[in-house]
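# Fold and contact review
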Amino acid sequence: MSYSHSVNRRQFIKLVTTGTAGALAIAVPTTSFAAQDPVYTSFLSSLAINGYDPVAYFKAGKPVEGTKDHQTEWMGATWYFSSKENMEAFIASPETYAPQYGGYCAWAVAQGDTASTDPFAWKIVDNKLYLNYSKDIQTRWEKDIPGNIHKGDNNWPKVLND
């Protein structure tokens, strides 16, 4: 299985320092590099979940964009929130609200890989937030949620170093 994949900041720095950045200008890789960051962010920003509020998935039942007015740093990423209350809830218990597998695609992690995610391809299972690369990939993941969570839990965080 091949995934279109956004390169994270640490991967980009590795490409530049090893002299392989020219390959980046030609094409973005279709499979992931070894992802080092424990929370998925793009190489252009340190925003987790593309700036969406992780607490809103639980409280509003949908993705809600956060703002710079309500932000915190956690696990090397910047997290945005739609309200002060949501930010305070996250600060008090980040593991409760942060997406599983650092916000990397739950399907990809179940397959032993990493991939970026779409904030609109999400599901809460047993009070845990799971994100996927796309709605299509989410549909595949949902065909065996318990099995995919089991595989993902076994693969995480080893996939960050593969």
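Residues numbered from 1 in each chain as written. Predicted model: local features only at pLDDT ≥ 70, side-chain atom pairs only at ≥ 80, totals over all residues. Heavy atoms only, no water.

Moving on, we come to the side chain of Asp53. Along the chain, Asp53 turns up in the loop between α2 (21-26) and α3 (54-59). Here Asp53 sits buried without a salt bridge, and the closest side chain of opposite charge, Lys59, lies 8.5 Å off (N-O distance). Aside from chain neighbours lying at most four places away, what touches Asp53 is Val64, Gly66, Tyr80, Phe81, Ser82, Ser83 and Asn86. (Helix = DSSP H or I, 4+ residues; strand = E, 2+ residues; numbered from the N terminus. Buried < 20%, exposed > 50% of the residue type's maximum accessible area, 1.4 Å probe, protein only. Lys, Arg positive; Asp, Glu negative; His and termini not counted. Salt bridge = Lys/Arg side-chain N within 4 Å of Asp/Glu carboxyl O. Contact = heavy atoms within 4.5 Å.)

Our next topic: the layout of surface pockets. Taken as a whole, the largest pocket spans an internal volume of roughly 200 Å³. Lining the largest pocket are Pro38, Val39, Trp74, Met75, Trp79, Glu95, Ala98, Pro99, Gln100, Tyr101, Gly102 and Trp156. Its residues assigned to classes, the lining of the largest pocket comprises 9 nonpolar, 2 polar and 1 charged. (1 Å grid on protein atoms, 1.4 Å probe; cavity = no way out; pocket = protein on both sides within 12 Å on 5 of 7 lines; lining within 4 Å. Points joined across faces, edges and corners; volume = space filled by probe spheres on them. Nonpolar A, V, L, I, M, F, W, Y, C, P; charged D, E, K, R; others polar.)

What follows is about the environment of Ala115. By the secondary structure assignment, Ala115 is in the loop between α6 (106-110) and β3 (118-125). Accessibility expressed as a relative area gives 0% for Ala115, which makes it buried. Each C-alpha atom, one on Ala115 and one on Asn132, is 8.3 Å from the other, the two residues being 17 residues apart in sequence.

Among all positions in helix α8 (residues 145-155), only Ile145, Gly147, Asn148, Ile149, Gly152 and Asn155 are buried. The inward-facing, buried residues of α8 abut α6, β3, β4 (128-132) and α7 (135-142). Where α8 begins, the side chain of Asp144 points an oxygen toward the backbone nitrogen of Gly147, at a separation of 3.0 Å. (Polar contact = N/O pair within 3.5 Å; in protein donor to acceptor, adjacent residues only side chain to side chain.)

On to the pairing of strand β2 (residues 77-81), then. Of all 5 residues in β2, 5 are buried, a share of seventy percent or more. Going residue by residue along β2, you find Ala77, Trp79 and Phe81 tucked away on one face and Thr78 and Tyr80 tucked away on the opposite face as well. Where strand β1 (residues 67-74) folds back onto β2 in an antiparallel hairpin, the turn is made up of 2 residues, including Met75, whose phi is positive at roughly 55 degrees. (Pairing = 2+ DSSP bridges.)

Within α7, burial applies to Ile137, Gln138 and Trp141. Looking down the long axis of α7, one finds its buried residues gathered within 105 degrees of arc, a one-sided arrangement. In this structure, the buried side of α7 is in contact with α6, β3, β4 and α8. (Arc of directions from axis to C-beta.)

Going through the model one piece at a time under the given rule, you end up with 3 salt bridges. Between Glu88 and Lys84 there is a salt bridge, with its nearest N and O atoms 3.9 Å apart. Of this pair, Glu88 and Lys84 both sit in helix α4 (residues 84-92), 4 residues apart, which is roughly one turn of the helix. For Lys84, a relative accessible area of 46% corresponds to the partly exposed category. Linking Lys123 and Glu142 is a salt bridge whose minimum nitrogen-to-oxygen distance equals 4.0 Å.

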